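Structural characterization, general
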Amino acid sequence: MQITPFSLFSSAIWISVLILAIYLLRKTRPFKARFSLWVPILLYLFCAARLLLPGEFPFSIVLPDRHVYASVYRFLKTEHTLGGHLRFSFLHLLFLVWLLTAGILLLRLLIRCRRAMAAIRSRGQNCGRKEYKIFRAAAKTAGKPPKISLRFFPDLPTPMGAGIFRRYILLPQREYSEKELYYILLHESTHFLNRDILIKLMISVFCCIFWWNPAVYLLKADLEQTLEMKCDAAVSRNLDRVEKVVYLRTILNCMKWSSSKKASFYDAVCLFDHKKAGGVKERFAAVIKDTPSPSPKWANLLLVISFCLLLGVSYLFIPQPAYAPPVLQNTPRIQYFDAEDSYILQKTDGTYWLYTQVRAPEKLNDEELRIFKLGEVPVRKEEN
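Rules used in this analysis
Residues numbered from 1 in each chain as written. Predicted model: local features only at pLDDT ≥ 70, side-chain atom pairs only at ≥ 80, totals over all residues. Heavy atoms only, no water. Helix = DSSP H or I, 4+ residues; strand = E, 2+ residues; numbered from the N terminus. Buried < 20%, exposed > 50% of the residue type's maximum accessible area, 1.4 Å probe, protein only. Contact = heavy atoms within 4.5 Å. Core = buried A, V, L, I, M, F, W, Y, C linked by side-chain atoms within 4.5 Å. Expected span 1.5 Å × (residues − 1). Phe/Tyr/Trp six-rings, centres within 6.5 Å; stacked < 30°, edge-to-face > 60°. Lys NZ or Arg CZ within 6 Å of the ring centre and 35° of its normal. Patch = residues over 30% accessible without salt bridge, like charges linked within 9 Å, V, L, I, M, F, W, Y side chains within 5 Å. Areas by Shrake-Rupley, 256 points an atom, 1.4 Å probe, with all protein chains shown as cover. Salt bridge = Lys/Arg side-chain N within 4 Å of Asp/Glu carboxyl O. Lys, Arg positive; Asp, Glu negative; His and termini not counted. Charge placed at Lys NZ, Arg CZ, Asp CG, Glu CD. Polar contact = N/O pair within 3.5 Å; in protein donor to acceptor, adjacent residues only side chain to side chain.

1. Points about the overall build of the protein chain
Each helix and strand counted, the protein chain has 13 helices and 13 strands in total. A total of 384 residues make up the protein chain; the buried ones form 42% of that total. Sequence separation of at least 24 residues holds for 74% of the intrachain contacts in the protein chain that already meet a minimum separation of 6.

2. Considering the nonpolar core
With 30 residues, the main nonpolar core has F135, I169, L171, Y176, L185 and Y247 as its most contacted residues. Elements with a contribution of two residues or more to this core: α6 (129-142), β5 (149-153), β7 (168-172), α7 (178-193), α9 (215-236), α10 (241-257) and α11 (280-288). Here this core takes 6 residues from α7, the largest share from any one element. Sequence-distant contacts of Y176, defined by excluding residues within four places in its chain, comprise K130, F152, L171, L181, I184 and W257. Counting 10 residues, the second largest nonpolar core, distinct from the first, contains W98, I203, V216 and L223.

3. Here's the deal with α7
If you check α7, its first and last C-alpha atoms are 22 Å apart, about what 16 residues at 1.5 Å a residue would give, namely 22 Å. Burial analysis of α7 places 12 of its 16 residues in the buried class, the great majority of the element. Where α7 is concerned, the buried positions are E180, L181, Y183, I184, L185, L186, H187, E188, S189, T190, H191 and F192. Taken from the residues just after α7, R195 is the one with a positive phi, measuring 60°.

4. With respect to the packing of aromatic side chains
Enumeration according to the criterion identifies 5 aromatic pairs in this entry. Judged by centre distance (5.9 Å) and plane angle (90°), the ring pair of F95 and W98 falls under edge-to-face. One end of the pair is F95 and the other is W98, both in helix α5 (residues 90-123) and 3 residues apart, which spans about a single turn. Given the relative accessible area of 14%, W98 is considered buried. Between Y182 and Y183, the ring centres sit 5.2 Å apart and the planes meet at 75°, which makes this aromatic pair edge-to-face. Its relative accessible area of 2% is what places Y183 among the buried residues. Taken together, the ring pairs connect F95, W98 and W212 into an aromatic cluster. Lying across the ring of W353, K347 places its NZ or CZ 4.6 Å from the centre. For R380, the ring lying beneath its charged end belongs to Y343, and the centroid distance is 3.9 Å.

5. Let's talk about a positive patch on the surface
Taken together, the side chains of R114, R121, K147 and R166 present a region of like positive charge at the surface. Within the secondary structure, R114 sits in helix α5.

6. Side note on the side chain of T190
Position of T190 among the secondary structure elements: in helix α7. Residue T190 is classed as buried on the basis of its relative accessible area of 5%. Separated by 2.7 Å, the side chain of T190 and the backbone oxygen of L186 make a polar contact. Leave out the neighbours within four places in its chain, and T190 touches A142, C231, A234 and V235.

7. Concerning unusual backbone geometry
Despite not being glycine, R195 has its phi angle at roughly 60°, a positive value. Within the secondary structure, R195 sits in the loop between α7 and α8 (196-209). The exposure class assigned to R195 is exposed, which follows from its relative accessible area of 57%.

This is the structure we're talking about:
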């Protein structure tokens, strides 16, 4: 597999289309009602894999473009000289900006995560026997999630789970009824059981690396609502109508407790996010209605297979700029050569000569030199 600017460009286009398709698909009522919530999550992970593996293969079909793409690429590949020594192109600058920005965003993400964990350890207060007793009952219902510590935390807007290696359920410092505490802990335990924090962190890293693609932010925003709906579905699966009402009332109470002026943690999973109150109506509708008959397994499998085929097609076609070959002076006939069996020699007098295995060396003018450089023919300097 070979990674080139063309394959990166192709990957960005295809992933933008795929993410938009998933986003629109998840907004349709038939999909919500019938397909499993794990399906869009799986498709999101496929998108992540496509951007992280943007290569082109021997079977890839090149789609040549002699106009728009060729003009843009010619502009980006045109070399400039700084101070008489440093040679660069706009493509190099763009790649450097990409790497620097991604590095800064990843460093900021790491710092925020470390600060959040440090704040939990320093400011969090261990919960008592009552909370742990209710937690054991909730964890048993959820399905034995990994080891989790319970902490009261001051100025917290809503209950939330945080941590990848050391896991915490954080509770605002207030009085809870046993039912409220049970459903809060059941919800957050289910998040840990589903590894939702890890998924959110992976998508955050994904957004840091591919910050230049607007579609990844749409991916991240919609994924959070999908994870919450998936968690709600798992919690309410075995609840009767009365228990569902109590569960939803607990979420409503969290809405009343929350305040945008209070502390929060990066990449935590919350029972309710006060910044995204608009998605609560969708969550309530999904919980309170009787669970619709899901699509058979073959329908879910068919959807995933269809997406895999579309993903395969994205590797099949690679757009690339195309240029008309230059006509060298005194050329008696057409002869073929490539960057592997040819090179350009920059002589001490400042002239450039083309050396190939099929013809005698020939001096290049500025236009011919530019086109051969775009074709990535290597340039060597004549030794004194």
